[in-house]
Amino acid sequence: MIEHAPRSASPIARFGGQPIAIAAAALVIVVLGVASITVWRSYTGNAPETDRVVAARQLQARAAQASEQLVEKTKGLEVTQQESIDQLQMVQDQLQTVRRLLATQQADNRKLSEQVGTLTEAVEGLRQSFASAQASEPSAAPGPRKRSAKAKPRSNRSANRSRAKARG
């Protein structure tokens with residue numbers, strides 16, 4: 001008689017004798033899974049592939065929008081920078097003009113200062129010559145005139161009248 005070896009009690013060993021049945025059962029399970037996923041997606045209208053495509057398009061649109069905004073901001077900065085450069089150039093031109101005017105004014109001031117010095121020396125020379133001429137003249141020259149008593153009140157009256165007119 002043929003002796004049979006005792007079979008092990010493991011579940012894998014029990015199915016080992018019927019591999020076609022196991023493969024068929026696995027195939028049926030896989031087909032049922034795929035079919036249920038397909039039915040579920042068509043019923044809910046929710047497909048991950050289309051969601052991914054939509055999300056990718058949205059990201060592309062956002063990136064394009066951000067890129068356009070960056071381009072606009074860059075152009076705005078370029079315009080602002082050019083305006084600042086133009087303003088700086090104007091300020092530099094004005095500064096050069098002010099420096100030229102200041103140099104001209106300083107030169108004029110030096111000339112005037114020299115002229116005042118020359119005039120001062122001339123006046124001093126005239127004073128000295130006048131003083132020496134007075135010293136050499138005899139002291140018989142008439143003194144200053146005195147005003148009469150009648151002349152003073154009239155001058156005071158006219159001064160008072162002109163003051164009254166200015167106030168009134």
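Report on the accompanying structure. Just so it is clear, the model here is predicted, and its values are computed rather than measured. (Residues numbered from 1 in each chain as written. Predicted model: local features only at pLDDT ≥ 70, side-chain atom pairs only at ≥ 80, totals over all residues. Heavy atoms only, no water.)

**A few points about the overall build of the chain**
Link 1 in the chain: Along the chain, the regular secondary structure elements total four helices and zero strands.
Link 2 in the chain: Reading the helices (α) and strands (β) of the chain from amino to carboxyl end gives α-α-α-α.
Link 3 in the chain: Burial analysis of the chain (168 residues in total) assigns 1% to the buried set.
Link 4 in the chain: For the chain, the exposed surface amounts to about 16,100 Å²; the carbon and sulfur share of it is 60%. (Helix = DSSP H or I, 4+ residues; strand = E, 2+ residues; numbered from the N terminus. Buried < 20%, exposed > 50% of the residue type's maximum accessible area, 1.4 Å probe, protein only. Areas by Shrake-Rupley, 256 points an atom, 1.4 Å probe, with all protein chains shown as cover.)

**Regarding the pattern of salt bridges**
Link 1 in the chain: In this structure the tally under the stated criterion is one salt bridge.
Link 2 in the chain: The salt bridge involving Glu124 is made with Arg127; its shortest N-O contact spans 3.2 Å. One end of the pair, Glu124, and the other, Arg127, are both in helix H3 (residues 48-136), three residues apart, so they sit about a helical turn from each other. (Salt bridge = Lys/Arg side-chain N within 4 Å of Asp/Glu carboxyl O.)

**Observations regarding the environment of Thr104**
Link 1 in the chain: The topology assignment puts Thr104 in helix H3.
Link 2 in the chain: According to the relative accessible area criterion, Thr104 is partly exposed, its value standing at 44%.
Link 3 in the chain: For Thr104, the side chain forms a polar contact with the main-chain oxygen of Arg100, separated by 2.9 Å. (Polar contact = N/O pair within 3.5 Å; in protein donor to acceptor, adjacent residues only side chain to side chain.)

**Quick notes on helix H2 (residues 19-44)**
Link 1 in the chain: Between its first and last C-alpha, H2 extends 37 Å over 26 residues, near the 38 Å set by a 1.5 Å rise per residue.
Link 2 in the chain: At the C-terminal side of H2, Gly45 shows a positive phi close to 70 degrees. (Expected span 1.5 Å × (residues − 1).)

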